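The chain contents come next:
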Amino acid sequence: MIISLAARRKFAQSLLARRGTGETWEHIARSYPRGRDGSQIVKRGTICRIALSGGEYVPKDVNILRALGLIVAVPCDDEHTARTKRIIRGMVRRTNDAVVRKK
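Each chain carries its own residue numbering, running from 1 in the direction its sequence is written. Thresholds applied to this predicted model are a pLDDT of at least 70 for local features of residues and 80 or more for the giving and counting of side-chain atom pairs; totals over whole chains, interfaces and linings are not thresholded and use all residues. Hydrogens are left out, water is left out, and the side-chain values use all remaining heavy atoms of the structure.

(A) Inspection of the overall build of the protein at higher detail. Counting its regular elements, the protein contains five helices and zero strands. A helix here means a DSSP run of H or I that spans at least four residues, while a strand means a run of E at least two residues long, and both kinds are numbered starting from the N terminus. The N-to-C order of helical and strand elements in the protein reads α-α-α-α-α. Here the C-alpha atoms of the protein give a radius of gyration of 20 Å, more than 25% beyond the 13 Å that 2.2 N^0.38 yields for 103 residues. The buried label applies to any residue whose accessible area, calculated with a 1.4 Å probe on protein chains only, is under 20% of its type's maximum; exposed applies above 50%, and partly exposed to all values in between. Every one of the 103 residues in the protein was classed for burial, and the buried ones make up 26%. Here the contacts in the protein between residues at least 6 apart in sequence split such that 41% fall between residues at least 24 apart. Every accessible area reported is derived by Shrake-Rupley at a probe size of 1.4 Å, with residue values counting cover from the shown protein chains alone. Per element, the accessible surface of the protein, about 7,800 Å² overall, is 55% carbon and sulfur. Each charge class in the protein was averaged separately, 22 positive and 9 negative side chains, and the resulting centres sit 6 Å apart. For the radius of gyration, the atom set is restricted to C-alpha positions; the globular benchmark scales as 2.2 Å times the number of residues to the power 0.38. Residue contacts are defined here by distance: any two heavy atoms, one from each residue, within 4.5 Å place the two residues in contact. Under this rule, positive means Lys or Arg and negative means Asp or Glu; His and the chain ends count for nothing. The atom standing in for a charge is NZ when the residue is Lys, CZ when it is Arg, CG when it is Asp and CD when it is Glu.

As structure tokens, then:
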């Protein structure tokens, strides 16, 4: 998962634009979705840091990125998952065989 620098900068500019209209960081943070228990997922400090860094700072927590709309959860079908697991098993098998041959 890589978020492009252009997307991060655009998001930071939109935050600064909202801040320029007189909204506080707290008010901006409250406009984002909350967790199941009602707690804020995105804190005002996180919003402020993203905006003031010009998009250079991005939180590591996937839940925060989803709440901000920077990444979207894409459902993965079973066929794709099974194919990926087969590929990984083959890679592991080849690696193990190569290690055994070196000994």
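(B) Examining the packing of aromatic side chains more closely. Stacked, tilted and edge-to-face are the three classes applied to pairs of Phe, Tyr and Trp rings, where Trp contributes its six-membered ring and a pair requires centres within 6.5 Å; stacked means planes under 30 degrees apart, edge-to-face means over 60, and tilted covers the rest. Overall, the coordinates contain zero aromatic pairs when judged by the stated rule. Residue placement shows Arg-49 over the ring face of Tyr-57; its charged tip is 3.9 Å from the ring centre. Lysine NZ or arginine CZ positioned within 6 Å of the ring centre and within 35 degrees of the ring normal marks a charge as sitting over the ring.

(C) Layout of the pattern of salt bridges. Salt bridges are counted wherever a side-chain nitrogen of Lys or Arg sits within 4 Å of a carboxyl oxygen of Asp or Glu. Throughout the structure, instances matching the rule amount to four salt bridges. A salt bridge links Glu-56 to Arg-9; the nearest nitrogen and oxygen atoms lie 3.8 Å apart. Placement of Glu-56 in the loop between helix 3 (44-52) and helix 4 (62-68) and of Arg-9 in helix 1 (residues 5-20) is noted, with a sequence separation of 47 residues between them. On the accessibility criterion, Glu-56 (48% relative accessible area) is partly exposed. What makes Arg-9 partly exposed here is its relative accessible area of 42%.

(D) View of the side chain of Arg-8. Considering the arrangement of structural elements, one finds Arg-8 in helix 1. Here Arg-8 sits buried without a salt bridge, and the closest side chain of opposite charge, Glu-56, lies 4.7 Å off (N-O distance). A polar contact of 3.1 Å, which involves the side chain of Arg-8, links it to the backbone oxygen of Gly-55. Sequence-distant contacts of Arg-8, defined by excluding residues within four places in its chain, comprise Ile-3, Gly-55 and Val-58. Two N or O atoms count as a polar contact when they lie within 3.5 Å, although within protein this holds only if one can serve as hydrogen donor and the other as acceptor, and sequence-adjacent residues are included solely when both atoms are side-chain atoms.

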